[in-house]
Every structure is written in C-alpha cells, then in structure tokens.
Amino acid sequence: MIEILPNKCDFCGCCVGVCPEDAIELKEAEIKIIEPLCTNCSKCIWACPIEVIKFNRNGVKAAS
Amino acid sequence: MKKEYDVIIVGAGPAGSMAARYSAVQGISVLMLEKDRDVGYPVRCGEAISKGGIEEFITIDQRWISTPINKFSFISPGGIEVVIPLEEQGYILERKIFDYALAESAAKEGAEIQTRAYVYDLIIENGKVSGVKVEIAGEKKEIKSKIVIGADGVESRVGRWAGLKTYTDFRDMESGTQVTASNINVDQNTCYFYFGKDVAPQGYLWVFPKGNNLANIGLGVSGIIGKKKSALSYLNDFMDSKFPNAPVLTRVAGGIPCTITLEKIVSDGLMLVGDAARQINPLSGGGIASGMIGGSIAGRVAGEAVKMNKLDHIYQYESDWHNRLGKRHKTFDNIKNGIFHFTDEKFNNIAKSVAKVEVDQRSIGNVFKVALFNNPSLMLDVAKAFFKK
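Residues numbered from 1 in each chain as written. Chains lettered and ligands numbered in written order. Predicted model: local features only at pLDDT ≥ 70, side-chain atom pairs only at ≥ 80, totals over all residues. Heavy atoms only, no water.

### Examining the confidence of the model for chain A
Convention followed: pLDDT runs from 0 to 100 and stands for how confident the predictor is about each residue. In this description a helix means any DSSP run of H or I spanning at least four residues, a strand means any run of E spanning at least two, and both kinds are numbered starting from the N terminus.
The predicted model of chain A averages 90 in pLDDT, with 91% of residues at 70 or higher. Looking across chain A, the model is least confident in strand β4 (residues 53-55) of chain A, with a mean pLDDT of 94, and most confident in helix α1 (residues 14-18) of chain A, with 98.

Spelled out as structure tokens, the structure:
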C-alpha cells in the first residue's frame with residue numbers, strides 16, 4: 001500500500017494532481033490516501049517533488 | 001454568510017480572485033472560499049510575471065513588487081551564458097501581498113470571502129452542480145449556488161466530482177521545489193534559467209532575484225524523471241555546488257501541470273479556472289497571468305449567465321478561453337515536447353551560436369533566428385512542434 005509521511009509532507013498537492021482515481025484528500029495541512037479508491041499505481045510516488053510518498057509492501061499480497 | 005449565492009468560487013488564488021471580481025462587478029452575489037487560513041500563503045511559485053500580465057488587471061504597486069526584471073540569462077549545460085535584454089519589462093512579485101491585493105479588488109466589487117473553508121463535495125441536483133458542501137473551521141455546511149467556479153489549483157478535485165477528467169498525466173506534471181535563500185549574489189534585475197540533464201532534465205532550474213540578494217531558486221522536472229531522482233535531490237545538488245552556505249528562509253514544494261488546457265472546463269453549473277483547468281503556459285510553466293485571464297473570462301461569462309437567467313451560457317467560456325490563450329498553449333506544448341528531448345550538446349551548440357550575437361542585437365526573436373540558422377536540426381524540431389496537430 002501507498003503511504004504519505006505526514007511529518008515530511010509540504011501539502012503541495014502535486015500527488016493529487018496526478019492521481020487518476022481521486023484517491024488522495026488534501027486539506028490545509030492534512031493529507032490522506034482514500035484506500036478503497038487507491039490502486040497502488042504509484043504515480044503519486046514518482047510525482048512527489050520531495051520524496052515523502054513511499055510504497056509499503058506490508059499489507060499488499062505478495063506476487064507468487 | 002448567506003445560504004445561497006449566484007456564484008461560489010472555490011479557491012482564492014489569482015484565478016479565483018479574478019473570477020470573483022469579474023462576476024461580482026455585474027451586481028450578482030458572489031462567495032469565494034479558501035481552504036487555507038490566509039489568502040496568498042503558502043506561496044508555491046517562482047513569482048515571475050510580465051508587466052503586461054499584471055497591468056491588464058491591476059495598477060502596479062510597489063507593495064507587492066520584489067524587483068523589476070529587464071534581462072533573461074540562459075545558462076547551457078556546458079556553462080555558456082547567453083544574456084538577452086527584454087523588450088517588455090518583467091517583475092518578481094511578493095505573491096503573499098499580491099494575492100491579497102487581488103482578493104481585495106474582488107471584495108471591493110462586493111464578493112464575500114471566507115478562509116479556512118474546505119470544500120469536500122459538490123451539491124448535484126438533476127445532474128447539475130448546484131452548490132458546495134463545505135467544512136468551515138470544522139463545521140459542515142451546504143451552500144447553494146447557480147454556478148460553482150473551481151479555482152482549486154493543481155490539487156483540484158471539484159471538476160472530478162462533476163464528472164470531468166481533470167488529473168494530469170504524471171509525465172506532464174513538473175514536480176517542483178523551491179527555496180528562497182539569502183546571500184545569493186547575482187544581478188538583481190536578471191532572471192537566470194539553467195538547462196541540462198544534470199541540473200533539471202525535462203524541465204529547467206530558475207534563479208529569480210527578489211532584491212537585496214534574496215532569491216527564489218527552484219526547479220521542475222517531469223514525473224518521468226522523478227521516478228529515478230526527485231526534484232528535491234536535484235535542487236540540493238545545485239545548491240551544494242553553487243550556493244553551499246546560503247541561508248534558506250523558505251522551502252516549498254509544488255506541482256506545475258505543464259500541459260494543454262483540459263478537454264472540458266465546463267459542465268452544467270460548473271466552470272474550472274487557473275491551474276485547476278490546466279491553464280498554465282506549458283512551455284514556461286508560468287501560470288499567474290494566464291490564470292488571471294482564465295478567471296476573468298469565467299467570471300464575466302458566469303455573471304452574464306446569471307443576469308440573462310440562461311445558465312447554458314457558461315459554455316461560452318470554453319471558446320472564449322481557447323480563442324484568447326488555449327490555442328496558443330497547444331503550440332507552446334508542442335515546442336515544450338521538442339525541447340524536452342534536446343541533448344546537452346544541442347543546448348550547448350545553440351548557446352554558442354547565440355553568444356556570437358552582440359548583446360544589443362539580442363531580442364528573443366533575433367536569438368531565435370540565430371539559433372535556427374546555426375542549428376538546422378533545431379529548425380526541424382521547431383517545425384515539428386508548430387505543425388504537429
């Protein structure tokens with residue numbers, strides 16, 4: 001699953017702008033992934049200018 | 001605050017404020033909602049704009065000018081500098097104060113403004129957008145309106161809730177980061193642009209002075225580059241090599257959607273403006289002036305629609321925008337896609353040929369001619385850019 005590190009996030013919204021699924025919610029200084037909508041496509045990770053979005057393998061079914 | 005307005009604008013940046021002003025001036029009721037506690041802050045912007053871009057909307061005021069700009073300097077990957085005097089003066093703004101002044105100009109025309117107002121959904125009735133659901137300082141409310149204008153920036157979601165496709169392909173999203181640093185000893189009236197694969201591949205790095213050796217230093221790189229190395233990492237490398245001990249006063253991140261305008265920027269009861277509509281100049285990444293233009297057109301058309309009691313009229317905004325700037329942005333986008341694939345060698349060759357032109361002979365047009373004449377392959381790239389559909 002995809003995780004945003006809240007302490008490092010600048011709340012700039014770049015990730016929201018590239019999310020094809022509308023799966024990220026951003027308020028003034030709060031951000032969260034709307035998990036039922038997230039497809040783990042990782043575009044937000046590539047677009048994040050300051051490396052605060054990470055892919056966490058825990059919780060994702062390993063490919064067999 | 002009332003329970004119902006003619007027009008509600010989501011977002012109080014330059015595009016939102018112009019939409020508010022140009023609709024309110026027609027004597028209709030207008031409410032502008034801003035999610036942050038302040039209008040104009042935080043500033044996620046290099047703050048450069050042309051004189052004409054400002055003067056169309058507001059009289060120049062020294063309170064929000066950091067420094068006037070009269071030269072551009074382009075630095076090639078090999079370090080060849082080409083300085084070009086500008087035909088039209090530019091400015092580096094103090095956006096915090098500039099955005100305030102724009103919002104005030106909307107308020108003077110009668111627009112209401114509410115900060116700390118987070119719009120989390122739209123009211124949709126019979127397929128038409130009819131207002132917003134908003135959380136104001138923690139309290140949820142529904143406010144109805146005839147028209148909603150989404151000016152909610154690169155992170156816009158308002159359009160999506162109305163069924164428009166508004167996200168940007170990650171390859172067209174320039175991931176940006178910027179520091180405002182002091183002790184940057186550069187000419188205070190020159191904007192510097194650095195190019196090349198080591199500095200900012202598929203993008204550029206800017207050093208924009210703000211007076212007294214303060215400067216905005218930032219860069220944008222395509223999401224396809226960010227996959228391997230982040231914008232932050234490129235900026236840190238540049239600062240370490242050029243300005244290693246510069247104190248950093250501000251550090252921001254931001255997304256710059258460098259692409260053509262969204263295919264649809266209007267749906268029933270909804271209009272999108274500024275970054276939310278992807279109205280940025282895709283070649284320069286500049287979006288203040290184009291956002292104000294988009295906002296002003298949308299505001300005018302929305303006001304007309306309310307006064308005529310003919311809400312279908314808002315679709316007029318789409319063609320008015322494309323005739324004013326949208327079509328030109330398509331050409332700029334094609335040029336951008338050509339430049340994206342320039343090698344460092346090509347950048348250096350262009351810089352070498354232009355450096356031979358006397359400084360007083362260098363206008364943007366003349367430089368372009370020399371660059372083309374001495375680099376025939378560039379001619380092909382530009383031709384491709386102009387003639388591609």
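After presenting the structure, the write-up continues.
### Let's talk about the layout of surface pockets
Residues and elements named next belong to chain B. Note the threshold: Both site types are read off a 1 Å grid over the protein atoms alone. A 1.4 Å probe that fits but cannot get out defines a cavity, while an open set with protein on both sides within 12 Å along at least five of seven lines defines a pocket; lining residues have an atom within 4 Å of a point. Grid points are joined across faces, edges and corners, and a volume is the space filled by probe spheres set on the points. Gly is placed with the polar residues, together with every amino acid not listed as nonpolar (Ala, Val, Leu, Ile, Met, Phe, Trp, Tyr, Cys and Pro) or charged (Asp, Glu, Lys and Arg).
In this structure, the second largest pocket occupies an estimated 240 Å³ of space. In terms of lining, the second largest pocket is formed by 13 residues, of which the most central are K165, Y167, T261, L262 and E263. The residue inventory of the lining of the second largest pocket, partitioned by class, reads four nonpolar, three polar and six charged.

### What to know about the packing of aromatic side chains
Residue and element names in this part refer to chain B. Quick note on the threshold: Two aromatic rings from Phe, Tyr or Trp, using only the six-membered ring of Trp, form a pair when their centres are within 6.5 Å; if the ring planes differ by under 30 degrees the pair is stacked, by over 60 it is edge-to-face, and anything between is tilted. For every residue, the accessible area obtained with a 1.4 Å probe (protein chains only) is divided by the maximum for its type, and the residue is called buried under 20%, exposed over 50%, and partly exposed between those limits. Two thresholds decide whether a charge sits over a ring: the Lys NZ or Arg CZ must be within 6 Å of the ring centre and within 35 degrees of the ring normal.
Within the structure shown, the criterion is met by 16 aromatic pairs over all chains. Here the aromatic rings of W64 and F98 are separated by 4.9 Å at their centres, their planes lie at 70°, and the arrangement is edge-to-face. Separated by 34 residues along the polypeptide, W64 in the loop between α2 (51-55) and β4 (65-75) and F98 in helix α3 (residues 95-108) bring together distant segments of the chain. The interplanar angle of 85° and the centroid separation of 6.1 Å between the aromatic rings of F72 and F74 together place this pair among those described as edge-to-face. Accessibility expressed as a relative area gives 23% for F72, which makes it partly exposed. Lying across the ring of Y167, K165 places its NZ or CZ 4.5 Å from the centre. The aromatic ring of F340 is capped on one face by K336, whose charged end is 4.8 Å from the ring centroid.

### Section: the domain arrangement of chain B
All names here are of chain B. We count it as follows: Domain ranges listed in this record stem from an automatic or a database domain assignment. For this analysis, residues touch if any pair of their heavy atoms sits within 4.5 Å. Summed over both partners, the accessible area lost on bringing two parts together, with a 1.4 Å probe, is the buried area. Here, a salt bridge means any Lys or Arg side-chain nitrogen found within 4 Å of an Asp or Glu carboxyl oxygen. Side-chain atoms alone can form a polar contact between residues adjacent in sequence; in general such a contact is a pair of N or O atoms within 3.5 Å, and within protein one must be able to donate a hydrogen while the other accepts it.
Assigned domains of chain B: these are domain 1 (4-44 + 96-168 + 259-335), domain 2 (70-87 + 170-257) and domain 3 (337-387). With five residues of domain 1 in contact, the opposing surface of domain 3 contributes five residues. A buried area of about 510 Å², summed over both sides, lies between domain 1 and domain 3, and 54% of it is on carbon and sulfur atoms. Remark: the boundary between domain 1 and domain 3 carries zero salt bridges. Our count for the domain 1 to domain 3 interface comes out at six residue pairs in polar contact (both at pLDDT 80 or more). Looking at side-chain class alone, the side of domain 1 that touches domain 3 contains two nonpolar, two polar and one charged residues.

### So, the environment of V370 of chain B
As for its position among the elements, V370 of chain B is in helix α10 (residues 364-374). Classification of V370 of chain B by relative accessible area gives buried; the value is 17%.

### A closer look at the nonpolar core
Residue and element names in this part refer to chain B. Convention followed: The set of buried Ala, Val, Leu, Ile, Met, Phe, Trp, Tyr and Cys residues whose side-chain atoms join them within 4.5 Å is what this entry labels a nonpolar core.
Core analysis: the biggest nonpolar cluster contains 69 residues, and V132 and Y317 have the highest contact counts within it. By residue number, the principal contributor to this core is helix α7 (residues 288-308), which donates nine residues. In contact with V132, not counting residues within four places along its chain, are I8, V10, L33, V119, D121, L122, I123, K141, E142, I143 and V148.

### A closer look at the interface of chain A and chain B
Opposite the 25 residues of chain A that make contact, chain B presents 32 residues. The contact between chain A and chain B buries some 2400 Å² in all, and 55% of this surface belongs to carbon and sulfur atoms. Summed over the shared surface of chain A and chain B, the number is four salt bridges. D22 of chain A is paired through a salt bridge with R157 of chain B; the nearest N and O atoms lie 2.7 Å apart. For the pair chain A and chain B, the number of links is 15 residue pairs in polar contact (both at pLDDT 80 or more). Listed by contribution, the elements that provide at least two residues to the side of chain A that touches chain B are α1, β2 (24-26) and α2 (43-47) of chain A. No other element matches α1 of chain A, which puts four residues into the side of chain A that touches chain B. A breakdown of the residues in the side of chain A that touches chain B according to their chemical character gives 15 nonpolar, two polar and eight charged.

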